[in-house]
Amino acid sequence: MNKKILLVTISILLLACSVTGTPTTIPPVEPSATPIIPPLDSTSTPPPSTGGPTFANCPMFPADNFWNARVDSLPVHPQSDAWIDSIGRSEGFHMDFGSGEWDGGPIGIPFNVVAGSAVPAYDAEFYYPDESDAGPYPIPENPNIEWGSDHHILVVDTETCTLYETYDMSFDNGNWSGGSGAIWDLNSNALRPETWTSADAAGLPILPGLVRYDEIAAGEIRHALRFTVEDTAGYIWPARHQTSDPQDGIPPMGARFRLKADYDISGFPPEMQILLQAFKTYGIVLADNGSNWYVSGAPDERWDNDMLHLLDVLTGDDFEAVDTFVLMVDSNSGETRP
């Protein structure tokens, strides 16, 4: 799915209002003094533990799913240097989420947790219908929707442990419409059909790649994280969709990178060390076109924006691409080898 991305030249101390939106500065925000995370509401009975990360009493895909696989011991990809040069070896990282608002909306990609039988379901109309799941899609009244250009709506139905993700959504005349939609069984390793997009350009789910504050409060992130770059070419497993044809030296959708093992994280605040360790252990997955080295997360009033800006010192040179082919069991599944 092609998206028109508006990019502007920025300093590394600016914060964006959306993954592919126009970056802008944010006002200082007072740090949160409450690290306690209240439990998410759910009417469902928790499924048997898979051993992997969970969310709202549901697995965030099986424990052996690509998103949950460690990459700290994988070999470096042969194209690592070329891909990093393409994105920007000296270009800084940016945590594309935070607290407060910018231009009237939250900073990051929010989500909705619902009991599916208790909210309306819509047969959404998409302008990429051939690569979208028909639905229906449960969407609560006044849902949390991404501010900015992409207008993603992410919904987890706790009764069925199903993830519904849609792109460029708007409500008119009693129905929702948008660009595309994808439905994910959180107990399954199934991928999108070959060449299909999702609510993300790479044809991957969005929610499992977001940084969430509750994980920081819990002391560990146990999955890979989503990020964007300006130029991509082709796609590799487990991505299913491209926005440009393959080109040597340009990173493909689905490429995975990790923070180098020798990068010293000891001088960062404990909260940021949790995030940095996830960069080393699980890495980041290229999922969409957008600003270079922008890492996605969910908005939360407990984020300390000044603390998040401490990670602006990271650059492409601190990372390396990893060869995830050795993890693949089947090209049509997100399952990974032990």
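The structure presented is a predicted model; accordingly, all values stated were derived computationally and were not measured. (Residues numbered from 1 in each chain as written. Predicted model: local features only at pLDDT ≥ 70, side-chain atom pairs only at ≥ 80, totals over all residues. Heavy atoms only, no water.)

1. Overview of the pairing of strand β18 (residues 256–259)
Burial along β18 is two-sided: the face carrying Arg-256 and Arg-258 and the face carrying Phe-257 and Leu-259 are both buried. Sheet analysis places β18 next to strand β19 (residues 284–289), joined by 2 bridges and oriented antiparallel. Residue pairing for β19: Arg-256 is matched across the bridge by Val-285. Alignment of β18 against strand β21 (residues 319–322), held across 4 bridges, turns out to be antiparallel. (Buried < 20%, exposed > 50% of the residue type's maximum accessible area, 1.4 Å probe, protein only. Helix = DSSP H or I, 4+ residues; strand = E, 2+ residues; numbered from the N terminus. Pairing = 2+ DSSP bridges.)

2. With respect to the pattern of salt bridges
A full pass over the atoms with the stated rule returns 12 salt bridges. Among the salt bridges present, the one from Asp-72 reaches Arg-70, with a minimum N-O distance of 2.6 Å. Asp-85 is the partner of Arg-89 in a salt bridge, and the nearest nitrogen-oxygen pair spans 2.7 Å. A residue is classified by how much of its surface remains accessible, and Arg-89, at 25% relative accessible area, is partly exposed. The class for Asp-85 is partly exposed, based on a relative accessible area of 48%. (Salt bridge = Lys/Arg side-chain N within 4 Å of Asp/Glu carboxyl O.)

3. Side note on the confidence of the model for the protein chain
In the predicted model, the protein chain carries a mean pLDDT of 88, and 85% of its residues have values of at least 70. Ranking the elements of the protein chain by mean pLDDT puts strand β2 (residues 23–24) last with 30 and β18 first with 99. Counted against residues more than four places away or in other chains, residues 1–50, with its pLDDT under 50, gives 131 contacts. (pLDDT = per-residue confidence, 0-100. Contact = heavy atoms within 4.5 Å.)

4. A look at the state of the cysteines
By definition, a disulfide links the sulfur atoms of two cysteine residues through a covalent bond. Tallied over the full model, the rule gives 1 disulfide. Note that Cys-58 is cross-linked by a disulfide to Cys-161, the S-S spacing being 2.1 Å. Handedness of the Cys-58-Cys-161 disulfide follows from its S-S torsion of about -85°: it is left-handed. One end of the pair, Cys-58, is in strand β4 (residues 58–59); the other, Cys-161, is in the loop between β12 (153–157) and β13 (162–167), and 103 residues separate them in sequence. Since its relative accessible area comes to 1%, Cys-58 is described here as buried. Residue classification places Cys-161 among the buried residues on the basis of a relative accessible area of 6%. (Disulfide = S-S within 2.5 Å.)

5. Topic: empty space enclosed by the protein
For the structure shown, the criterion picks out 1 cavity of 30 Å³ or more. Along its surface, the largest cavity is lined by Phe-61, Asn-65, Phe-66, Trp-67, Trp-184, Asn-189, Ala-190, Leu-191, Leu-204, Pro-205, Pro-238 and Gly-334. Looking at the lining of the largest cavity residue by residue, the class counts come to 9 nonpolar, 3 polar and no charged. (1 Å grid on protein atoms, 1.4 Å probe; cavity = no way out; pocket = protein on both sides within 12 Å on 5 of 7 lines; lining within 4 Å. Points joined across faces, edges and corners; volume = space filled by probe spheres on them. Nonpolar A, V, L, I, M, F, W, Y, C, P; charged D, E, K, R; others polar.)

6. Overview of the packing of aromatic side chains
In this structure the tally under the stated criterion is 19 aromatic pairs. Ring geometry for Phe-93 against Trp-293: centres 4.7 Å apart, planes inclined by 20°, an arrangement best described as stacked. You can see Phe-93 sitting in the loop between α1 (80–87) and β5 (94–96) and its partner Trp-293 sitting in the loop between β19 and β20 (294–296), a full 200 residues away along the chain. Ring centres 5.0 Å apart and planes at 55° place the aromatic pair Phe-97 and Trp-303 in the tilted group. Here Phe-97 is found in the loop between β5 and β6 (101–102), whereas its partner Trp-303 is found in the loop between β20 and α4 (305–308), with 206 residues between them in sequence. Here Phe-97 matches Trp-303 in class, with each residue buried. Through a chain of ring-to-ring contacts, the aromatic side chains of Trp-83, Phe-93, Phe-227, Phe-257, Phe-279, Trp-293 and Phe-319 assemble into a single cluster. Above the face of the Trp-184 ring, Arg-192 is positioned so that its terminal group lies 5.9 Å from the ring centre. For Arg-256, the ring lying beneath its charged end belongs to Phe-66, and the centroid distance is 4.5 Å. (Phe/Tyr/Trp six-rings, centres within 6.5 Å; stacked < 30°, edge-to-face > 60°. Lys NZ or Arg CZ within 6 Å of the ring centre and 35° of its normal.)

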